[in-house]
Amino acid sequence: QVQFVESGGGSVQPGGSLRLSCVVSADISESYVMGWYRQGSGKQRELVAGITNGGSTNYPDSVQGRFTISRDNANNTMYLQMNSLKPEDTAVYYCNAARNIWTMSPNFSSWGQGTQVTVSS
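Thresholds, definitions, all that
- Residues numbered from 1 in each chain as written.
- Predicted model: local features only at pLDDT ≥ 70, side-chain atom pairs only at ≥ 80, totals over all residues.
- Heavy atoms only, no water.
- Disulfide = S-S within 2.5 Å.
- Helix = DSSP H or I, 4+ residues; strand = E, 2+ residues; numbered from the N terminus.
- Buried < 20%, exposed > 50% of the residue type's maximum accessible area, 1.4 Å probe, protein only.
- Pairing = 2+ DSSP bridges.
- Axes fitted to C-alpha atoms, helices over the stretch in contact; angles between N-to-C directions.
- Salt bridge = Lys/Arg side-chain N within 4 Å of Asp/Glu carboxyl O.
- Phe/Tyr/Trp six-rings, centres within 6.5 Å; stacked < 30°, edge-to-face > 60°.
- Lys NZ or Arg CZ within 6 Å of the ring centre and 35° of its normal.

**Student:** With reference to specific residues and values, describe the state of the cysteines.
**Tutor:** Here is the idea: a disulfide is a covalent bond, and it sits between the sulfur atoms of two cysteines. Applying the stated criterion to the full structure yields 1 disulfide. The disulfide that involves Cys 22 links it to Cys 95, with 2.0 Å between the sulfurs. In this structure the cystine formed by Cys 22 and Cys 95 twists about its S-S bond by roughly 75°; its chirality is therefore right-handed. One end of the pair, Cys 22, is in strand β3 (residues 18-24); the other, Cys 95, is in strand β9 (residues 91-98), with 73 residues separating them in the sequence. Residue Cys 95 is classed as buried on the basis of its relative accessible area of 0%.

**Student:** Tell me what's going on with the sheet that holds β9, and back it up with residues and numbers.
**Tutor:** Read across the open sheet, the 6 strands follow the order β2-β10-β9-β4-β5-β6; overall the sheet is mixed. Unpaired on one side and paired on the other, β2 (10-12) and β6 (57-58) mark the two borders of the sheet. Across 3 bridges, the pairing between β2 and strand β10 (residues 115-119) is parallel. Within β10, the residue paired with Ser 11 across the bridge is Thr 118.

**Student:** Would you mind going over the sheet that holds strand β7 (residues 67-72) in detail, with residue names and values included?
**Tutor:** Spatially, 4 strands are ordered β1-β3-β8-β7 in an open sheet, and the strand pairing comes out antiparallel. Strands with a single pairing partner mark the edges of an open sheet, and in this sheet they are β1 (4-7) and β7. When the angles between neighbouring strand axes are averaged without regard to direction, this sheet yields 15°. The pairing of β1 with β3 spans 4 bridges and is antiparallel. Counted as the bridge partner of Ser 7 is Ser 21 from β3.

**Student:** Could you give me a rundown of the pattern of salt bridges, with the residues and numbers involved?
**Tutor:** Using the criterion set out here, one finds 3 salt bridges in the structure. Arg 38 serves as the salt-bridge partner of Asp 89, at 2.9 Å between the closest nitrogen and oxygen. Taken as a pair, Asp 89 in the loop between β8 (77-82) and β9 and Arg 38 in strand β4 (residues 33-39) lie far apart in primary sequence, 51 residues in all. A salt bridge links Asp 89 to Arg 66, with the nearest nitrogen and oxygen atoms 2.7 Å apart.

**Student:** Before we move on, could you go through the packing of aromatic side chains and cite the residues and values that matter?
**Tutor:** Counted according to the given criterion, the structure contains 4 aromatic pairs. For the ring pair Phe 4 and Phe 108, a centre distance of 5.7 Å and an interplane angle of 65° mean the geometry is edge-to-face. Of this pair, Phe 4 sits in strand β1 while Phe 108 sits in the loop between β9 and β10; the two residues are 104 residues apart in sequence, bridging distant segments of the chain. In this pair, the class of Phe 4 matches that of Phe 108, namely buried. With a centroid separation of 5.8 Å and an interplanar angle of 80°, the aromatic rings of Tyr 94 and Trp 111 are classed as edge-to-face. With a gap of 17 residues between them, Tyr 94 in strand β9 and Trp 111 in the loop between β9 and β10 connect regions that are remote in the sequence. Using a relative accessible area of 11% as the deciding quantity, one classes Tyr 94 as buried. Through pairs of rings, three or more aromatic residues link up here, namely Phe 4, Tyr 32 and Phe 108. The cationic tip of Arg 45 hangs over the ring face of Tyr 94; the distance from NZ or CZ to the ring centre is 4.3 Å. We note Arg 45 situated over the ring of Trp 111; from NZ or CZ to the ring centre the distance is 3.8 Å.

The following block contains the structure:
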């Protein structure tokens, strides 16, 4: 069973930056689109960013231009560079994988513990 381990969260002020990391327990890079998702308190989980094996990306408007997703297939690792953070970015961030870059429907039911990101002054 594929496992995801997220890290790198923390508390920052608005305008600050954080870099999240996700280590995947298996080499799924060739078969899946890797993605970051987040869930704020009382909200549904939502897509933050997706990246194909070839480097094509998908961002929702809410993070476009502020967040950058990248992947290191050799080490089964994915990153999310988050700049210009806003209070509304506060959430638990998770990684998962999908079959389609446009729908980004998470393929694996076993989510990691996530990493908390808190943006507050």
